[in-house]
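Commentary on secondary and tertiary structure
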Amino acid sequence: MPTVTCSVETACGVEWAFEETHDYGKRVQWDRFIRRYEVLTDGPIERGSRVRVWAWNGLAMTVDYEAVKAPELVAMQMVAGPWFLRKFTGSWRFEAGGAGGTRVTFRYGYVTRWGWMTPMVGWVLRWEMGRRIAALRRHLERVAA
């Protein structure tokens, strides 16, 4: 399965970075990719949680959280999504960095319906991922200051 990965270092701690990214009420403040979301299961985000997200571009995806190991890792898998994706998975990792900071790594795996779409979808995912992780870094450093 093709993958795209992007990492960033931020000055805030691991626990706080994890919490800011998995509270959807806070997430819409920094994640401009998300226009609207709906948590389809009760309680906190944990293994088995289901979330539907509508993106700025009009596309929507429903994901099941496959793993939640706070404050280090979340992994999810698409259960319904855009017509051109056959499969989509994602993980966000949070690792202690230098000087009490955090290294955040996004990784997405995907399979398109038609192979000729794979490079184009990879380019778009990498572009969006870069924008999202840069926005996360700005948010974490702004609210931590």
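Look above for the structure.
These notes cover the structure that comes with them. Predicted model, so just to flag it, every value in this text is computed and none were measured. (Residues numbered from 1 in each chain as written. Predicted model: local features only at pLDDT ≥ 70, side-chain atom pairs only at ≥ 80, totals over all residues. Heavy atoms only, no water.)

Thoughts on the sheet that holds strand 5 (residues 73-80)
Remark on secondary structure: sheet strands pair via backbone hydrogen bonds, oriented parallel or antiparallel. Here is the rule: A pair of strands is labelled paired if DSSP reports no fewer than 2 bridges between them. Secondary structure counts use DSSP, requiring at least four H or I residues in a row for a helix and at least two E residues in a row for a strand, with both numbered from the N terminus. For helices, the fitted line uses only the C-alpha atoms of the stretch in contact; every axis is such a line through C-alpha atoms, and the angle between N-to-C directions lies from 0 to 180 degrees. The contact rule is simple, with two residues in contact once any of their heavy atoms fall within 4.5 Å.
If you trace the seven strands from one edge of the open sheet to the other, you get 1-7-6-5-4-3-2, paired in antiparallel fashion. The open sheet terminates on both sides in strands that have one partner only, identified here as strand 1 (3-10) and strand 2 (34-39). The average undirected angle you get between the axes of adjacent strands in this sheet is 20°. Bridging between strand 3 (residues 50-55) and strand 4 (residues 60-69) involves five bridges; their strand directions are antiparallel. Among the inter-strand pairings, V51 is bridged to a residue of strand 4, identified as V63. Packing against the sheet, helix 1 (residues 14-22) makes contact with strand 4, strand 5, strand 6 (85-96) and strand 7 (102-112), and its axis sits at approximately 150° to strand 6. The sheet contacts of helix 3 (residues 118-144) involve strand 1, strand 2, strand 6 and strand 7, and relative to strand 1 the element is tilted by about 15°.

A short note on the environment of G109
Along the polypeptide, G109 turns up in strand 7. For the pair formed by G109 and Y37, sequence separation is 72 residues and the distance between their alpha carbons is 21 Å. If we ignore the near neighbours within four places in the chain, the residues touching G109 are M1, P2, T3, K87, F88 and T89.

Focus on the packing of helix 1 against helix 3
Using the following cut-off: Two helices crossing with the near one rotated counterclockwise from the far one by less than a right angle form a left-handed crossing, whereas a clockwise rotation gives a right-handed crossing. Gly is placed with the polar residues, together with every amino acid not listed as nonpolar (Ala, Val, Leu, Ile, Met, Phe, Trp, Tyr, Cys and Pro) or charged (Asp, Glu, Lys and Arg).
Helix 3 packs onto helix 1 with a crossing angle of 115° between their chain directions and a minimal axis gap of 11 Å. As for the relative orientation of helix 1 and helix 3, their crossing is right-handed in sense. Where helix 1 approaches helix 3, its residues W16, A17, E20 and T21 are matched on the opposing element by L136, H139, L140, V143 and A144. For the contact of helix 1 with helix 3, a count of residues per class yields six nonpolar, two polar and one charged.

Re a nonpolar patch on the surface
What counts is decided by this rule: Every patch collects residues that have over 30% relative accessible area and no salt bridge, joining them within 9 Å if they carry like charges and within 5 Å if they are nonpolar side chains (Val, Leu, Ile, Met, Phe, Trp, Tyr). Residue-level accessible areas treat just the shown protein chains as cover; the underlying method is Shrake-Rupley with a 1.4 Å probe. Salt bridge criterion: a side-chain nitrogen from Lys or Arg within 4 Å of a carboxyl oxygen from Asp or Glu. Here the term buried applies to any residue with accessible area under 20% of the maximum for its type, exposed to any over 50%, and partly exposed to those in between, with areas from a 1.4 Å probe on protein chains only.
Residues W56, W83, W114, W116, M120, W123, V124 and W127 make up a contiguous nonpolar surface patch of roughly 1000 Å² in combined accessible area. Within the element layout of this structure, W116 appears in the loop between strand 7 and helix 3. Given the relative accessible area of 64%, W116 is considered exposed.

Some details on the packing of aromatic side chains
As a reminder, the rule being used: Pairing of aromatic side chains requires ring centres within 6.5 Å, counting the rings of Phe and Tyr and the six-membered ring of Trp. Pairs whose planes differ by under 30 degrees are stacked, by over 60 edge-to-face, and all others tilted. Two conditions define a charge located above a ring, namely a distance within 6 Å from the ring centre to NZ of Lys or CZ of Arg, and an angle within 35 degrees of the ring normal.
Considering all chains together, one arrives at eight aromatic pairs under this definition. Centre to centre, the rings of W30 and W92 are 6.4 Å apart; their planes meet at 50°, and the pair counts as tilted. With W30 in helix 2 (residues 24-30) and W92 in strand 6, this residue pair connects regions lying 62 residues apart in the sequence. Neither W30 nor W92 differs from the other in exposure class; each is buried. A centroid spacing of 5.2 Å and a plane angle of 50° characterise the contact between F88 and Y108, whose relative ring orientation is tilted. Here Y108 lies in strand 7 and F88 lies in strand 6, a separation of 20 residues in the sequence. Of the two residues examined, F88 and Y108, each falls in the buried class. Three or more aromatic residues joined by ring pairs form one cluster here, namely W30, W92 and F106. Across the ring face of W54, the terminal group of R36 is positioned such that the distance to the ring centre comes to 3.7 Å.

So yeah, pure geometry; function would need other evidence.
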